[in-house]
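# Results of the structural survey
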Amino acid sequence: MAAAGAGTPRRPVRRSDKVSEAIARDIVRRIGAEELTPGTQLPPEAKMLEEYRVGRGSLREALRILEVHGLISIKPGPRGGPTVDQVHTENFGRMATLYFQMDGVTFADLVDARVVMEPTLATLAAQRRDPRLLEELDRFTGLTRTDDDEYADDVDDFHRLMAAMSGNPVMTLFGQSLTDILRERLSPPLFPKSRRTAVLSVHCAIAKAVTAGDVTLAEQLMREHMTEYAAYARRRHPGLMREVVDWR
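Let us now look at unusual backbone geometry. Comment: phi is negative for the bulk of residues other than glycine, and the bulk of peptide bonds are trans. Non-glycine residue Glu 35 carries a positive phi angle of around 50 degrees. Residue classification places Glu 35 among the exposed positions, given a relative accessible area of 66%. Even without glycine at this site, Arg 53 takes up a positive phi of about 55 degrees. Within the element layout of this structure, Arg 53 appears in the loop between helix 2 (45-52) and helix 3 (56-68).

This part takes up the nonpolar core. As a rule of thumb, nonpolar side chains are buried together in soluble globular proteins. With 45 residues, the main nonpolar core has Leu 137, Met 162, Met 165 and Val 210 as its most contacted residues. The set of elements that each furnish at least two residues to this core consists of helix 5 (107-128), helix 6 (131-137), helix 7 (148-165), helix 8 (169-185), helix 9 (193-212), helix 10 (215-236) and helix 11 (238-242). Per-element tally for this core: the top contributor is helix 5, with 9 residues. Those residues in contact with Met 162 that sit more than four places away from it in its chain are Leu 121, Ala 122, Ala 125, Leu 137, Ile 206, Val 210 and Met 222. Ile 23, Met 48, Val 54 and Ala 62 belong to the second largest nonpolar core, which has 15 residues in total.

Below, the discussion takes up the pattern of salt bridges. According to the stated counting rule, one finds 24 salt bridges in the structure shown. The shortest N-O distance in the salt bridge between Asp 246 and Arg 185 comes to 3.4 Å. Of this pair, Asp 246 sits in the segment after helix 11 while Arg 185 sits in helix 8, and the two are 61 residues apart along the sequence. Classification of Asp 246 as partly exposed rests on a relative accessible area of 34%. Residue Arg 185 is classed as partly exposed on the basis of its relative accessible area, which comes to 29%. A cluster of three or more residues bridged by salt bridges with shared partners is formed by Arg 139, Arg 145, Glu 150, Asp 154 and Asp 157.

Remark: helix 7 packs on helix 8, axes separated minimally by 8 Å, with the N-to-C direction vectors making an angle of 160 degrees. Accordingly, the angle class assigned to the pair helix 7 and helix 8 is roughly antiparallel. For helix 7 against helix 8, the interelement crossing comes out right-handed. Note on element contacts: helix 8 touches helix 7 through Thr 172, Gly 175, Gln 176, Thr 179, Asp 180 and Arg 183, opposite Asp 149, Ala 152, Asp 153, Asp 156, His 159, Arg 160, Ala 163 and Ala 164.

Remark: a regular strand shows side chains that alternate across the two faces of the sheet. For strand 1 (residues 72-75) and strand 2 (residues 81-84), the ladder comprises 4 bridges, and the chain directions are antiparallel. Its bridge partner being in strand 2, Ser 73 is matched across the sheet by Thr 83. Two successive antiparallel strands, strand 1 and strand 2, enclose a turn made up of 5 residues, where Gly 77 displays a positive phi of approximately 100 degrees.

Our focus in this paragraph is helix 4 (residues 89-102). In this model helix 4 runs 20 Å from its N-terminal to its C-terminal C-alpha over 14 residues, within 8% of the 20 Å that 1.5 Å per residue would give. Those residues of helix 4 that are buried lie in contact with helix 7 and helix 8. A positive phi of about 75 degrees marks Gly 104, the residue just after helix 4.

How each quantity is defined
- Residues numbered from 1 in each chain as written.
- Predicted model: local features only at pLDDT ≥ 70, side-chain atom pairs only at ≥ 80, totals over all residues.
- Heavy atoms only, no water.
- Buried < 20%, exposed > 50% of the residue type's maximum accessible area, 1.4 Å probe, protein only.
- Helix = DSSP H or I, 4+ residues; strand = E, 2+ residues; numbered from the N terminus.
- Core = buried A, V, L, I, M, F, W, Y, C linked by side-chain atoms within 4.5 Å.
- Contact = heavy atoms within 4.5 Å.
- Salt bridge = Lys/Arg side-chain N within 4 Å of Asp/Glu carboxyl O.
- Axes fitted to C-alpha atoms, helices over the stretch in contact; angles between N-to-C directions.
- Parallel < 35°, antiparallel > 145°, perpendicular 65-115°, else oblique.
- Left-handed = near helix turned anticlockwise from the far one by under 90°.
- Pairing = 2+ DSSP bridges.
- Expected span 1.5 Å × (residues − 1).

Below, the structure written as structure tokens:
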């Protein structure tokens, strides 16, 4: 196949690669090497067929692979074509659920993983204290909304921000994806309204500890919070906890 673009680094195609998979990998490398932002339109089909020197079927299969993984979107029509999409943790989570289901991972396993991961994220957030994200964290020091949808959004936003504040993109991706997967099944929000004010108060205390750079307190509060979360999930949803995670 021809090069995807001038100056774009390429990895040799392995003999085991399907043509469509090799093209998909090359397009991803192009997006990264050329720092193409979401909304950037990729070359039209005719141009890509000329560059890669493959059949239309192989190219379209390659684009479909990337579309399924949420990396591009394909707009129909004469002015359409493949466009770089915004990377969302929901797409990573959806892909992960396929492997979770095949490996027999239960929802209890996911909850246990959060109990281990979330205190580490809080620790890293308190160590790093990114000034740009501290301003966003400040809004969690005074939240009182307990209606289902608003409360669920506030809780998820808090834990997603903790993951982002870790400063580690791998931890951020896994932390946010677990939140995405569990929210879909643990809905309506896990805690009853009688407990939600207490949950928001804990989030407030964690936010203040992170802002102050108190690593020990941030870790301790998050560990206690997530341990309570796991215990409550088991009491309220014992059947779900035994279920194998299903591919979304």
